[in-house]
Amino acid sequence: MSKVSGGRASRKGRAEKRGTRAASLASRSDFPLLAGSPALHYLDSAATAQKPRAVLDAMRAYYEHDYANPHRGAYTLSVRSTERYHEARERVATFFGVGDTRRLIFTRGTTEGLNLIATAWGTEHVFPGDEIVVTALEHHANFVPWQQLALRQGAKLRICGLTSDGRLDLDALASLLTARTRIVAFNHVSNALGTINPVAEIAAFVRRRAAPDAIVVCDGAQAAPHLRLTLDDLADVDFYAFSGHKMLGPMGIGALVGPVALLERMSPYQMGGDMIEIVGDEETTWNVLPHKFEAGTPNVAGAIGLAAACTYLESLGMDAVRAHERELLQLALQQLATIEGVQLFGPRDLAARSGVVSFTLAGVHPHDIATILDGDGVCVRAGHHCAQPLMRRLDVPATARASFYVYNDERDVEALVAGVEKTKTLFAVAADPSLRSG
Amino acid sequence: MSNLDALYQEIILEHNRRPRNYRVMEGADRVVKGHNPLCGDALTLWLKLEGDRVIDASFQGSGCAISRASASMMTEAVKGKTRPEAEALFTRVHDLVTGKLDVDADPAAKKTLGSLRALGGVARFPIRVKCASMAWHALRSALGSDESSTNGASEISEEP
Ligand SMILES: Cc1ncc(COP(=O)(O)O)c(C=O)c1O
């Protein structure tokens, strides 16, 4: 286990805390890219997170000491590689409060996890006249697969609307659930607004209202990096998908957690090596879980990197991660709100909001904000955030989005605010109040 | 001039603030919609033609300062131009924003472009080139195909 768990977070960040200023939770020196660019204000962790050295080292150690194709070779090195993969799965499962590793399937990321369900479960269980419920808050990854599944199967896609401050409208959701509802898919945390949805409550609610064998699918891409999760306790959520790269792990790895009984009954998603048991000329039987859903040579280094990311986050403490982000969020919201012309989107209640600030500046398109901020080393995203259905409902073509993580500190917030002020000055918005954004 | 100053020159900001020819055109001979799926920018371009000559141009849409200013300047520049003249201007602007044209080394180009030279700042921002060129691609498409008329608005898309 040593190679996987190596490298804990140094607590230097906290120790550096000056007076009331919010220092970073993790030390920047743990992150080679950030350490190498002291002037960079990386505020796009909702898109992807920077990597701690511990993650990079764990992956490198695997390639340098334990690398071979797992599950296949009848020699010691291959056995070791298989063991590393197995350990990584256990490590990730423990971090997410998953007791049975058979229910944790490694995927390429959230997108693949969601497509897996839409294809493997959806094709066999959704029929003409059935209904699939999604929400207006979804990332395209948790919207388009369901929309297309509905089109293929002749089912109806129902879209749950939002309250004015960007939360799911639970009354609307209630009215959408019928005996024909086969799938209810929603995110745990919105990438565009930061909204934290009451997952357990929604899932329990769906259980009572929808068809008895309807499935509840949760997109956890933005929750996994920021919240303490015990997936075994989310009894009414059937499938939970997340990506490694947003939680300090590498790109190309993520997981789908599902119920063993359902996974056993489902047909495989992709066919090939590793997922088979016996291949006859006419018929094939499937390997046991989770391998049945992991066709082909797996991303072992990715799984090891993700496991190391879990260890790193655990050493910071997920409650501390959440508290830290909330502190920066509060600061950013307070300061941005004082700038005339700034419109902030998303829940006002910080308890229902992750470290994401989506905003517009009157008379200035978000792309121009992002370009000007970039000139000062402040990285924010501008655009529709892969959530066009949401942007239509907010009635904006795009927003600028800053998102916080463990390595951010108060200086990043200050740089953001200063950049927005600078943008405003450059565009002399005050000179022409008749201008609207867009 | 810093890169940012070169991008957001006063004339660009001014056109963004008060875009010219920003209106729906009744009785247009050509209507084309431009769209950049990457950022969601969208624009509609209307042209009125007399024979081979553009006699009026207007646009509406949502987009960043660069795309808006570029569209505004384009509608001004193209009025009175024949189809081949507009095509030649398209090529010049395209070369300018993609960094293939050094106006200071090319007096003829400098003269043709006039104030459109301000769009050259984009060349230092590869991710913004599409913003500057969208309106021009719409122009080209509007002039290029006889099928795109008022009763059948054609769509062009910039690849992300
Ligand atoms: C809420 C949400 N869902 C799904 C995804 C897709 O994740 P990935 O691209 O890692 O598959 C993202 C990532 O942007 C996201 O933020």
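Remember, predicted model here, so these are calculated numbers, not experimental data.

What counts, and where the lines are drawn
Residues numbered from 1 in each chain as written. Chains lettered and ligands numbered in written order. Predicted model: local features only at pLDDT ≥ 70, side-chain atom pairs only at ≥ 80, totals over all residues. Heavy atoms only, no water. Pairing = 2+ DSSP bridges. Helix = DSSP H or I, 4+ residues; strand = E, 2+ residues; numbered from the N terminus. Contact = heavy atoms within 4.5 Å. Buried area = accessible area lost by both parts, 1.4 Å probe. Salt bridge = Lys/Arg side-chain N within 4 Å of Asp/Glu carboxyl O. Polar contact = N/O pair within 3.5 Å; in protein donor to acceptor, adjacent residues only side chain to side chain. Axes fitted to C-alpha atoms, helices over the stretch in contact; angles between N-to-C directions. pLDDT = per-residue confidence, 0-100. Buried < 20%, exposed > 50% of the residue type's maximum accessible area, 1.4 Å probe, protein only. Near = heavy atom within 4 Å. Nonpolar A, V, L, I, M, F, W, Y, C, P; charged D, E, K, R; others polar. Phe/Tyr/Trp six-rings, centres within 6.5 Å; stacked < 30°, edge-to-face > 60°. Lys NZ or Arg CZ within 6 Å of the ring centre and 35° of its normal.

### Comments concerning the pairing of strand S3 (residues 53-62) of chain B
Residues and elements named next belong to chain B.
- As judged from the nine bridges shared by strand S2 (residues 41-50) and S3, these two strands associate in the antiparallel manner. Note on S3: the bridge partner recorded for Ala42 is Ser62.
- Remark: two residues form the turn of the hairpin made by S2 and S3, two consecutive strands paired antiparallel; Gly51 in that turn has positive phi of roughly 60°.

### Section: the interface of chain B and chain A
- Taken together, the contact pairs 21 residues of chain B with 17 residues of chain A.
- Buried surface at the junction of chain B and chain A, both sides included, amounts to about 1,500 Å², of which 56% is carbon and sulfur.
- Together, Leu4, Tyr8 and Arg17 of chain B form the three largest contributors to the area buried by chain B at its contact with chain A, with a combined 33%.
- Joining chain B to chain A, the criterion identifies one salt bridge.
- Between Arg128 of chain B and Asp368 of chain A there is a salt bridge, and its shortest N-O distance comes to 2.9 Å.
- Linking chain B to chain A there are six residue pairs in polar contact (both at pLDDT 80 or more).
- Elements with a contribution of two residues or more to the side of chain B that touches chain A: helix H1 (3-7), helix H2 (10-17), S3 and helix H3 (65-78) of chain B.

### Re the sheet that holds strand S5 (residues 181-187) of chain A
All names here are of chain A.
- Strand order in the open sheet formed by seven strands is S2-S8-S7-S6-S5-S3-S4, with mixed pairing between adjacent strands. The sheet is open, and its two edges are formed by strand S2 (104-107) and strand S4 (156-160), each paired on a single side. When the angles between neighbouring strand axes are averaged without regard to direction, this sheet yields 20°.
- Where helix H6 (residues 110-125) meets the sheet, its contacts fall on S2, S5, strand S6 (215-219), strand S7 (239-243) and strand S8 (254-257), and the angle it forms with S6 comes to roughly 165°.
- Against the sheet, helix H9 (residues 199-209) contacts S5 and S6, and its axis sits at roughly 160° relative to S6.

### Details of the confidence of the model for chain A
- On average, residues of chain A carry a pLDDT of 92, and 93% of them reach 70 or more.
- Counting interchain partners and residues more than four positions distant, the pLDDT-below-50 stretch residues 1-6 of chain A has 14 contacts.

### Some points on the pairing of strand S3 (residues 131-135) of chain A
Residue and element names in this part refer to chain A.
- In terms of burial, S3 is largely enclosed, as five of its five residues are buried.
- The side-chain alternation of S3 yields two buried faces, one formed by Glu131, Val133 and Thr135 and the other by Ile132 and Val134.
- Sheet topology places S3 next to S4; five bridges connect them, and they run parallel. Bridge pairing in S4 links Thr135 to Cys160.
- Here S3 runs beside S5; their pairing, made up of three bridges, is parallel. Note that in S5 the partner of Ile132 across the bridge is Ile183.

### A look at the site of the ligand
Residues and elements named next belong to chain A.
- The environment of the ligand is formed by Thr110, Thr111, His139, Ala141, Asn191, Asp219, Ala221, Gln222, Ser243, His245 and Lys246.
- Side-chain polar atom of Lys246 to an oxygen atom of the ligand: 2.6 Å apart, as the coordinates give it.
- Grouping the amino acids of the shell around the ligand by side-chain chemistry returns two nonpolar, seven polar and two charged.

### Observations concerning the sheet that holds strand S12 (residues 356-361) of chain A
Residue and element names in this part refer to chain A.
- Strands sit in the order S11-S12-S15-S14 across an open sheet of four strands; the sheet is antiparallel. A single partner strand is all that each edge strand has here, and the edge strands are strand S11 (342-345) and strand S14 (381-383). Taking the axes of each pair of neighbouring strands and ignoring which way they run, one obtains an average angle of 30° across the sheet.
- Pairing of S11 with S12 involves four bridges; the strand directions are antiparallel. If you follow Phe345 over to S12, its bridge partner there is Ser358.
- Strands in contact with helix H15 (residues 410-427) are S11, S12 and strand S15 (399-403); relative to S12, the strand with the most contacts, it is inclined by about 10°.

### As for the packing of aromatic side chains
- Within this structure, the stated rule accounts for twelve aromatic pairs over all chains.
- Ring centres of Tyr63 of chain A and Tyr67 of chain A lie 5.2 Å apart, and the angle between their planes is 45°; on these two criteria the pair is classed as tilted.
- Taking the centre distance of 5.4 Å and the plane angle of 65° together, the rings of Phe427 of chain A and Tyr8 of chain B count as edge-to-face. Here Phe427 of chain A, found in helix H15, pairs with Tyr8 of chain B, found in the loop between H1 and H2, and the two come from separate chains. The burial state of Phe427 of chain A is the same as that of Tyr8 of chain B; both residues are buried.
- An aromatic cluster of at least three residues, connected via ring pairs, comprises Phe31, Tyr42, Tyr312, Tyr405 and Tyr407 of chain A.
- Lying over the aromatic face of Tyr22 of chain B, Arg68 of chain B brings its terminal NZ or CZ to 5.3 Å of the ring centre.

### Observations concerning unusual backbone geometry
Residue and element names in this part refer to chain A.
- A cis amide bond links Leu289 to the next residue, Pro290, at an omega of 0°.
- Considering the arrangement of structural elements, one finds Pro290 in the loop between strand S10 (284-286) and helix H11 (300-316).
- Positioned with a positive phi, Leu248 is a non-glycine residue whose angle comes to about 80°.
- With respect to the element layout, Leu248 can be found in the loop between S7 and S8.
- Its identity is not glycine, yet Asp274 carries a phi of approximately 70°, on the positive side.
- As for its position among the elements, Asp274 is in the loop between helix H10 (260-265) and strand S9 (276-279).

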